[in-house]
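Chain by chain, the residues run as shown.
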Amino acid sequence: MPLVGVLMKLFLRILKNIAVTAAIMTSAYYINILIETATSFKRVEPMIYLLAVFFVAVCTDSFVYGAVSSVAASLTLFIIYIQPASVIGFTFNLVLAIIIVFVASIMVCALTVYIKRDKKLKRITANERMRADLMRAISHDLRTPLTSIYVSSSTILDSYHAMTPEQRLELVKDIKNEANDLIRMTENGLLIARMSDDKVKLARTAGALDELIDATVAKFKKHYPDCPFDFEIPDEPVFVAMDAMLMSQVLSNLLENAVFHAKGMTKLLLRISATERDVLFEVIDDGCGLPKEGIFPGADRKKRRTQKEVDDADRSQSGRHNMGIGLSVSSAIVKAHDGELKAENNEKGGTTFYFKLTREAFDE
Amino acid sequence: MSNNKYKILICEDDMGIRGAVRTLFESGGYQVICAETCRDAEREFDSYIPDVVILDLGLPDMDGMEFIKYVRSRQTTPIIVLSARSDERDKVGALELGANDYITKPFGTAELLARVRAAIRTMNNLVIGSGQSFSLNGMEIDFDRRTVTVNENDIKLTQNEYNILALLARNSGRLLTYTEIINTIWGKADFNAVKKLQVNMANLRKKLGTKPGDHRFIINELGVGYRIQDPVN
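All values derive from a computational prediction rather than experimental measurement.

### Let's talk about the overall build of chain B
Here is step 1: When helices and strands are tallied, chain B shows eight helices and twelve strands.
Here is step 2: In chain B, which comprises 233 residues, the share counted as buried stands at 51%.
Here is step 3: Split by element, the accessible area of chain B, about 10,900 Å² in all, is 47% carbon and sulfur.

In structure tokens, the structure reads:
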């Protein structure tokens, strides 16, 4: 029953917080005793307790523990100073000290809690912003092929009789190609939506590398038969725990990126090599290489791109599509497989995109 | 002029796709019946008893799966399922409920025609290869002697490899899921079964001389299963 599980979790959490609070406050108590007996410092207790309450606020999950510790600390101070003193040594300063400790510690406690909540909110809004950025980039990408489809079909409708059958055929072919691109973009977009759920649980089953490559290569060759493409895979059977369809999408994205963006490419190589523990995937081209700036717009949280930056980057890319979306999706999928997608320019020119996945054993 | 045509029931809510597919099959000499929702589909199915059903998994009123169950409880009519590319689990689910084949959108018209023809052939038990031999792109399988040759060269297969190949060939044009193949060849599926199957397929491909990506004989539908192409008449 899930309810029992939730209650158990809550109970354990509360227990942990109580333990932490008790540990900190008890340490403070003994530190005070230590200072009292071992050194000549006097009246250090208020400051130690103030510090202790601060630590409790930082290390626990709720305002409650800090508040309780604050009350406990003030009471302890009261017992130490006021109660025994009653007549001798009773000064107004001491009372003030206790009040200040109480108020200050409650405020510190509240502040800490607010800071924590604020951080969490910032993270959520950062995610929202990233999603908005991606949506903007995707919508921006959709405009071009849609315009092309609209123009082509309008032309056929308006000037049907003035065109030769070959011209009409050309335009219809264009419509088909652009529609195909739109489909690819939509698939990537859907993948992004799936990936950006915080705790994405991928269904990873052990899949044969052979299968993955067979399906991916067949699809790639069908769409790009003229591309100078080759591949190298290990001879022995290799298994990787993965979502085969997503991995196929990643490889397709990387290969297509090379086709569209590696200008001057004469060779495209998909190379997969395996050691006992992992499998290294490399997509190597000998084209124009990567520009200096970051190429993973979605994955780069520190450098938030404004709409102008997205547009500028887009304009500087020749070729039909913004490389960013395909790479963002691929990066996210590889990350969900506990790998990391990286890219480097090759010494002899061109680029290599690569990532590593863990190998699965297979006992026959 | 005889009106003796095969009947196809298309269940698809998108008007554009429906219209295009209707035109395609009517010009191919089939009679086409259309339905937009599962409820309509059930009604049309009962009145026309079509020879083939083409079903879009994303129908608005009812899960397409329910309609597959509806058909299967009454007839063995071949069902071809249309699905969006990313619905891997739906595809397998549909196949295991009794659908015969699936096509992902967007699909080529030639592909759809071929699958429908294969489905009709299956229904008529005119599966090429239910006889003594099977021939495709230079590969010849002799079912009686359990031999396989490619371009006249003998191919040495293990027992499992031959059984898998023969199973696919006898069901040419039809997609067989991992589970179907595993259950037929090994009787039951244990947790290692899919890996075993994939290793066998890899070896089979190598022995047949096809490098990865070459779908001359066996076509690999990632995550779902395998099929052998229907030899063109």
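Moving on, there is more to tell.
### With respect to the overall build of chain A
Here is step 1: Each helix and strand counted, chain A has nine helices and seven strands in total.
Here is step 2: Expressed as a percentage of its 364 residues, the buried residues of chain A come to 40%.
Here is step 3: For chain A, the proportion of contacts with a sequence separation of at least 24, taken over those separated by at least 6, is 73%.

### Topic: the packing of helix 2 (residues 38–48) of chain B against helix 3 (residues 64–72) of chain B
Residue and element names in this part refer to chain B.
Here is step 1: Two numbers describe how helix 2 lies on helix 3: the axes approach to 10 Å, and their chain directions differ by 15°. Between helix 2 and helix 3, the angle is such that the two are roughly parallel. As helix 2 packs across helix 3, the resulting crossing turns out to be right-handed. In contact with Cys38, Ala41, Glu42, Phe45 and Asp46 of helix 2, helix 3 contributes Gly64, Phe67, Tyr70 and Val71.

### A few points about the side chain of A:Thr216
All names here are of chain A.
Here is step 1: Here Thr216 is to be found in helix 6 (residues 209–223).
Here is step 2: Classification of Thr216 by relative accessible area gives buried; the value is 0%.
Here is step 3: In terms of polar contacts, Thr216 uses its side chain to reach the side chain of Ser248, at 3.1 Å.

### Some details on a nonpolar patch on the surface
All names here are of chain A.
Here is step 1: A cluster of nonpolar side chains, contributed by Leu3, Val6, Leu7, Leu10, Ile14 and Ile18, occupies part of the molecular surface with about 550 Å² of accessible area.
Here is step 2: Inspection of the secondary structure puts Leu10 in helix 1 (residues 2–38).
Here is step 3: Classification of Leu10 as partly exposed rests on a relative accessible area of 42%.

### Considering the pattern of salt bridges
Note that side chains of opposite charge can pair when their charged atoms are close.
Here is step 1: On inspection of all chains with the given rule, the structure shows 23 salt bridges over all chains.
Here is step 2: Across the pair A:Asp210 and B:Arg205 runs a salt bridge whose closest N-O atoms are separated by 3.2 Å. In this pair, A:Asp210 is assigned in helix 6 and B:Arg205 in helix 8 (residues 193–207), connecting two distinct chains.
Here is step 3: Put simply, B:Glu36 and B:Arg18 hold a salt bridge, and the shortest N to O gap is 3.6 Å. You can see B:Glu36 sitting in the loop between strand 2 (31–35) and helix 2 and its partner B:Arg18 sitting in helix 1 (residues 15–26), a full 18 residues away along the chain.

### As for the sheet that holds strand 7 (residues 139–142) of chain B
Residues and elements named next belong to chain B.
Here is step 1: One open sheet holds the four strands; their spatial order is 6-7-8-9, and the pairing between them is antiparallel. Single-partner strands in this sheet number two, and they are strand 6 (133–136) and strand 9 (153–155). Strand-to-strand, the axes of this sheet are offset by a mean angle of 20°, without reference to chain direction.
Here is step 2: Of the pairings in the sheet, the one linking strand 7 to strand 8 (residues 147–150) comprises four bridges and is antiparallel in character. What sits directly across from Glu140, in strand 8, is Thr149.
Here is step 3: The strands that helix 6 (residues 159–170) touches are strand 6, strand 7 and strand 8; relative to strand 7, the one it contacts most, it runs at about 100°.

The rules behind these values
Per chain, residue numbering runs from 1 following the sequence as it is written. Naming scheme: in the order in which they are written, chains are lettered from A and ligands are numbered from 1. pLDDT decides what is reported in this predicted model: residues at 70 or higher carry local features, side-chain atom pairs at 80 or more are listed and counted, and totals for whole chains, interfaces and linings draw on all residues regardless. By convention in this description, side-chain values take in all heavy atoms of the structure and omit both hydrogens and water. In this text, helices come from DSSP runs of H or I with a minimum length of four residues, and strands from runs of E with a minimum of two, each type numbered from the N-terminal end. Think of it in three bands: with a 1.4 Å probe and only protein chains considered, a residue is buried below 20% of the maximum accessible area for its type, exposed above 50%, and partly exposed in between. To measure how exposed things are, a 1.4 Å probe is used in the Shrake-Rupley method; for residues, cover is taken only from the protein chains shown. Residue contacts are defined here by distance: any two heavy atoms, one from each residue, within 4.5 Å place the two residues in contact. Throughout, an axis means a line fitted to C-alpha atoms (over the contacting stretch in the case of helices), and angles, computed between N-to-C directions, take values from 0 to 180 degrees. In these notes the angle categories are as follows: under 35 degrees is roughly parallel, over 145 is roughly antiparallel, 65 to 115 is roughly perpendicular, and the rest is oblique. Crossing handedness follows the turn of the near helix against the far one: under a right angle anticlockwise gives a left-handed crossing, and clockwise gives a right-handed one. Throughout this description, a polar contact denotes any pair of N or O atoms lying within 3.5 Å of each other; where both atoms belong to protein, one of them has to be capable of donating a hydrogen while the other can accept it, and for residues adjacent in sequence the pair is counted only when both atoms sit in side chains. A patch consists of residues exposed above 30% relative accessible area that lack any salt bridge, with like charges linked at up to 9 Å and nonpolar side chains (Val, Leu, Ile, Met, Phe, Trp, Tyr) linked at up to 5 Å. Salt bridges are defined by distance alone: a side-chain nitrogen of Lys or Arg within 4 Å of a carboxyl oxygen of Asp or Glu. In this description, strands pair whenever DSSP reports at least two bridges between them.

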